[in-house]
Amino acid sequence: MGVEARIDDVVLCAGAQHGLFVVLSHLASRARAIYVEELTYPGIHGIAEILRLPLVAVGMDADGIDVESLARVARRHGPGVVFCMPTIHNPTGTVMPASRRAALAEVAREKGLFVVEDAANRMLEPSAPPPMRSFAPERTFLVASVSKVLSPGLRVAFLVGPDDEVHAVTRRVWATHWMSGPLGAEIVATWLDEGVVDRTLASKRRAAARRQAIARRVLGAERVVAHPRALHVWLRLGDAWSTERFTADAARRRIVVTPSSAFWARPTPPPRAIRISLGGLDDARALTRELESLAALSRAR
Ligand SMILES: Cc1ncc(COP(=O)(O)O)c(C=O)c1O
């Protein structure tokens with residue numbers, strides 16, 4: 001993961017979603033808002049609602065979260081938590097370069113913000129810059145899970161944070177889940193020792209690269225926004241499409257895609273786009289067929 005941590009500072013959680021809930025509920029009393037990339041992981045909405053914290057959208061560009069826009073909104077809304085996905089952002093696949101991570105750390109320090117890094121996809125990109133923890137260890141929490149690489153069914157995730165916060169975070173794990181399933185953790189530990197994780201990771205990265213190449217070819221490189229090793233693509237739709245209509249038409253063809261509204265954190269209308277998951281289909285011919293069906297649909301207007 002590229003994360004330096006002592007074993008006592010790693011908190012086991014029942015998946016990244018649980019880790020995010022635990023850490024955000026730990027920080028809630030010191031936050032007036034959760035600052036998110038304007039396109040963000042949908043699972044954050046439910047957490048914000050339960051914690052009664054507003055989600056405040058921050059602009060993005062090709063390098064990730066726009067730190068000037070973050071500084072502006074933080075001035076208005078006050079102390080809070082930045083929730084972000086610096087490596088293989090969901091849904092756009094963006095990887096924040098080191099310079100942007102450093103700038104984010106600086107704004108966080110200046111405005112007294114905590115940073116929660118969702119590293120769900122980080123294992124797919126071995127050459128990513130160091131995690132946010134390297135830039136602002138005193139205020140950053142990282143949540144990483146094995147769901148994307150091994151299996152979401154294991155419900156195993158790792159949470160790392162500043163030394164003086166870890167005990168309080170652990171108490172929230174006890175309060176919500178008592179302990180994370182030892183069986184899942186034991187399986188992951190054994191697979192780490194035996195090299196299964198490394199082998200699976202290598203084959204997942206190769207599969208993702210193969211599937212991305214197919215997606216770019218079939219859907220058209222100019223309309224696809226994605227990372228070459230991600231397990232999802234973001235497809236921009238033409239002006240003639242309503243995203244919800246496209247999603248419903250795809251469902252009629254028995255293809256499930258996620259509309260932009262699921263990720264959009266602003267009150268304004270979302271962009272015309274969908275997220276296509278490439279995680280499920282290993283058979284290149286079947287994947288090509290499904291993507292061709294979506295490409296034909298997208299040209300139908
Ligand atoms: C960006 C992101 N964060 C967190 C999660 C939740 O993962 P987990 O299965 O470990 O709870 C997902 C799952 O799809 C995700 O895409």
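Reading the values: rules and limits
Residues numbered from 1 in each chain as written. Predicted model: local features only at pLDDT ≥ 70, side-chain atom pairs only at ≥ 80, totals over all residues. Heavy atoms only, no water. Helix = DSSP H or I, 4+ residues; strand = E, 2+ residues; numbered from the N terminus. Rg over C-alpha atoms; globule rule 2.2 N^0.38 Å. Buried < 20%, exposed > 50% of the residue type's maximum accessible area, 1.4 Å probe, protein only. Core = buried A, V, L, I, M, F, W, Y, C linked by side-chain atoms within 4.5 Å. Contact = heavy atoms within 4.5 Å. Axes fitted to C-alpha atoms, helices over the stretch in contact; angles between N-to-C directions. Left-handed = near helix turned anticlockwise from the far one by under 90°. Nonpolar A, V, L, I, M, F, W, Y, C, P; charged D, E, K, R; others polar. Near = heavy atom within 4 Å. Polar contact = N/O pair within 3.5 Å; in protein donor to acceptor, adjacent residues only side chain to side chain. Areas by Shrake-Rupley, 256 points an atom, 1.4 Å probe, with all protein chains shown as cover.

## Structural notes on the overall build of the chain
A count of helices and strands for the chain gives 10 helices and 13 strands. For a compact globule of 301 residues, the expected C-alpha radius of gyration is about 19 Å, and the chain comes in at 19 Å, within 12% of that figure. Taken over the C-alpha atoms alone, the chain extends approximately 55 × 50 × 35 Å along its principal axes. When each of the 301 residues of the chain is scored for burial, the buried share is 54%.

## Structural notes on the nonpolar core
Grouped together as the largest cluster of nonpolar side chains are 31 residues, with contacts concentrated most on Val 23, Leu 24, Phe 83, Val 116, Phe 141 and Leu 159. Apart from residues no more than four positions distant in its own chain, Phe 83 is found in contact with Leu 20, Ile 34, Tyr 35, Val 36, Glu 37, Thr 40, Tyr 41, Ile 44, Val 116 and Asp 118.

## Re the packing of helix H8 (residues 196-219) against helix H10 (residues 284-299)
Relative to each other, H8 and H10 sit at 30°, their axes nearing to 9 Å. For the pair H8 and H10, the sense of crossing is right-handed. The segment H8 lies against H10, with Arg 211, Ile 214, Ala 215, Arg 217, Val 218 and Leu 219 engaging Ala 284, Leu 287, Thr 288, Leu 291, Glu 292, Leu 294 and Ala 295. Split by residue class, the contact of H8 with H10 holds 9 nonpolar, 1 polar and 3 charged.

## Points about the site of the ligand
The local shell around the ligand consists of Gly 15, Ala 16, Gln 17, Tyr 41, Met 85, Asn 90, Asp 118, Ala 120, Ser 145, Ser 147, Lys 148 and Arg 155. Note that an oxygen atom of the ligand is positioned 3.1 Å from one of the side-chain N or O atoms of Asn 90. Within the side chain of Ser 145, one N or O atom sits 2.7 Å away from an oxygen atom of the ligand. Against a free-state accessible area of 400 Å², the protein chains account for coverage of 87% of the ligand. Its residues placed into classes, the shell around the ligand shows 4 nonpolar, 5 polar and 3 charged.

Any functional reading would require information that these geometric values do not contain.
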